[in-house]
Amino acid sequence: MDHLLLRTVIAVSLIAVAALLIGLVFGAVPGWASFSGGVLLLLLHHVRHVDLLVDWLQRPTPGKVPDGRGIWDYVFALLHRFERIQTRQHQQIAKTLARFRQAGRAHPDGVVILGADNRIEWCNDTAEAHFDLNVETDAGQPVTNLVRQPEFIAYVESGNYAHSVELRAPRGAGVILSVQIIPYGDAQKLLLSRDVTRLEKLETMRRDFVANVSHELRTPLTVLSGFLETIKELKLDPKRSRDYLNLMTEQSTRMQRIVDDLLTLSTLESALGPSLDERVRVAPLLDRLRAEAEALSGGKHRIVLDAEPGFDLLGLENEIASAFGNLMSNAIRYTPAGGEVRLTWRATANEAEFAVQDTGIGIAAEHIPRLTERFYRVDRGRSRETGGTGLGLAIVKHILTRHQATLDIKSEPGKGSRFAARFPVRRIVPAVAMPENTARESKG
Ligand code: ADP
């Protein structure tokens, strides 16, 4: 300002000196007239620049600061510099804000920023999907007007956000959200949402599993303790006692089988997946499987083994034997006497399939997707009569998954079933000729 004042004083002084000279040469009137004219011109010059300045300030377009003359050149240069710094700062803030928004958008959980009265200020794509919102049209609206679940409204209005709350997503059937509010700043809130459907499902499975195990073990235990009471209370003749003891043995064997299968499952769950460096010789394994099938059938079924030679599997022998054995024993158990059970092994360099086909009772289509669930049985009575635990196919599925193999089930009630285990190419290797002594041993 000092600068401006000084330059104005100099300008007025120059006008005054010029007017004084004119006054000395041409007389007082022309002198005063030129002084007034000079001051008037100076005033007009300033007013015109003030006008330009006011125009720009009303619409401060970046890069359009007017040009000035004289002292105004300096003023506008300062303004121009200030405006450039401002623009740069604006750009930086906008960039940072965009980056923060991008980070918020990329967040896998839903994020909603709520302002005063729980009005939506911003939300990311996940939150849009979780709460069926649209940031363009819903910004500014209270979130409780848009997400109408009573438990959500109660949570928002409670003011107690120490814990999260679970609710069903408004859209997307069966999606369960865990929602938490985090207050921050001045009446601001962060509303976070996470899809916990999978966790919820696991929790339900865990609860069902515990209930099932308890139920499965309770039944034989109840029978056992009933028999024990009877034997204790009544004087039984030796034949009756023997019958009772036989029935008790049956029940305890059943419990033993359930516990064994449960232990197998838990071992499969906790152990590392099988590596690719153990070879399973498929041909001798299938021979053993056929012999086991014959023994299990007791001559009641026709057992056919149709195995293509030439390829082995990479995996864990005891697991593969257990999976194939389970499929085989199911086929025998669910095929009435006189039926056929066919074991097949087809392998090429690209794929391998072990299948068990039977002409048994078959399975209605609605049960097929659930057969590998623990304790899932189509006919509880039949499963129990034949010594089933309801865990066989769960074990098979686990073993196959650990070998990156799949289980394909085709069945028709009254006609029979086909259970096929398919192995990926990386688990198939050409069979090697067995050393002489091993070959002789396995024949013997
Ligand atoms: P289970 O011990 O009861 O046999 P699994 O897990 O092995 O248990 O099989 C689950 C259910 O699948 C069985 O209870 C049975 O209803 C059905 N199932 C399995 N294999 C066959 C088959 N080959 N034919 C008909 N039903 C079968």
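All of these numbers come straight from a predicted model, not from anything done at the bench. (Residues numbered from 1 in each chain as written. Predicted model: local features only at pLDDT ≥ 70, side-chain atom pairs only at ≥ 80, totals over all residues. Heavy atoms only, no water.)

1. Digging into the side chain of His49
So, step 1. Within the fold, His49 resides in helix 2 (residues 28-58).
So, step 2. Since its relative accessible area comes to 0%, His49 is described here as buried.
So, step 3. Filtering out sequence-adjacent residues up to four positions away, His49 remains in contact with Asp67, Gly68, Arg69, Trp72 and Phe76. (Helix = DSSP H or I, 4+ residues; strand = E, 2+ residues; numbered from the N terminus. Buried < 20%, exposed > 50% of the residue type's maximum accessible area, 1.4 Å probe, protein only. Contact = heavy atoms within 4.5 Å.)

2. Thoughts on the pairing of strand 5 (residues 188-195)
So, step 1. Where strand 1 (residues 110-114) and strand 5 come together, five bridges link them in antiparallel fashion. What sits directly across from Val111, in strand 5, is Leu192.
So, step 2. As paired elements, strand 4 (residues 176-184) and strand 5 share eight bridges and run antiparallel to each other. Each residue of the ladder has a partner; that of Gln180, found in strand 5, is Leu192.
So, step 3. The turn linking strand 4 back onto strand 5 is made up of three residues, and Gly185 within it adopts a positive phi angle of 55 degrees. (Pairing = 2+ DSSP bridges.)

3. As for the side chain of Asp109
So, step 1. Among the secondary structure elements, Asp109 is positioned in the loop between helix 3 (71-106) and strand 1.
So, step 2. Excluding its chain neighbours within four sequence positions, the residues that come into contact with Asp109 are Asn124, Thr126, Ser193 and Arg194.

4. With respect to the sheet that holds strand 7 (residues 302-307)
So, step 1. Pairing in this open sheet of five strands is mixed, and the strands run 7-9-10-12-11 from one edge to the other. Of all the strands in the sheet, just strand 7 and strand 11 (406-412) have a single pairing partner and so form its edges. The sheet shows a mean angle of 10 degrees between the axes of neighbouring strands, direction not considered.
So, step 2. Here helix 11 (residues 317-333) sits on the sheet and contacts strand 7, strand 9 (340-347), strand 10 (352-358), strand 11 and strand 12 (416-423); the angle it forms with strand 10, its principal contact strand, is near 20 degrees. (Axes fitted to C-alpha atoms, helices over the stretch in contact; angles between N-to-C directions.)

5. Concerning the site of the ligand
So, step 1. For the ligand, the set of nearby residues contains 21 residues, the closest of which are Tyr334, Ser383, Thr389, Gly390 and Leu393.
So, step 2. Between an oxygen atom of the ligand and a main-chain N or O atom of Gly392, the distance comes to 3.3 Å.
So, step 3. Surface burial for the ligand is 98%, taken as the share of its 530 Å² of free accessible area covered by protein chains.
So, step 4. Mapping the ligand onto the cavity grids shows that it belongs to the largest pocket.
So, step 5. Among the secondary structure elements, those contributing two or more residues to the shell around the ligand are helix 11, helix 13 (392-402) and strand 12.
So, step 6. For the shell around the ligand, the element with the most residues is helix 11, which contributes three residues.
So, step 7. Its residues assigned to classes, the shell around the ligand comprises ten nonpolar, eight polar and three charged. (Near = heavy atom within 4 Å. Polar contact = N/O pair within 3.5 Å; in protein donor to acceptor, adjacent residues only side chain to side chain. Areas by Shrake-Rupley, 256 points an atom, 1.4 Å probe, with all protein chains shown as cover. 1 Å grid on protein atoms, 1.4 Å probe; cavity = no way out; pocket = protein on both sides within 12 Å on 5 of 7 lines; lining within 4 Å. Sits in = over half its atoms within 2 Å of the grid points. Nonpolar A, V, L, I, M, F, W, Y, C, P; charged D, E, K, R; others polar.)

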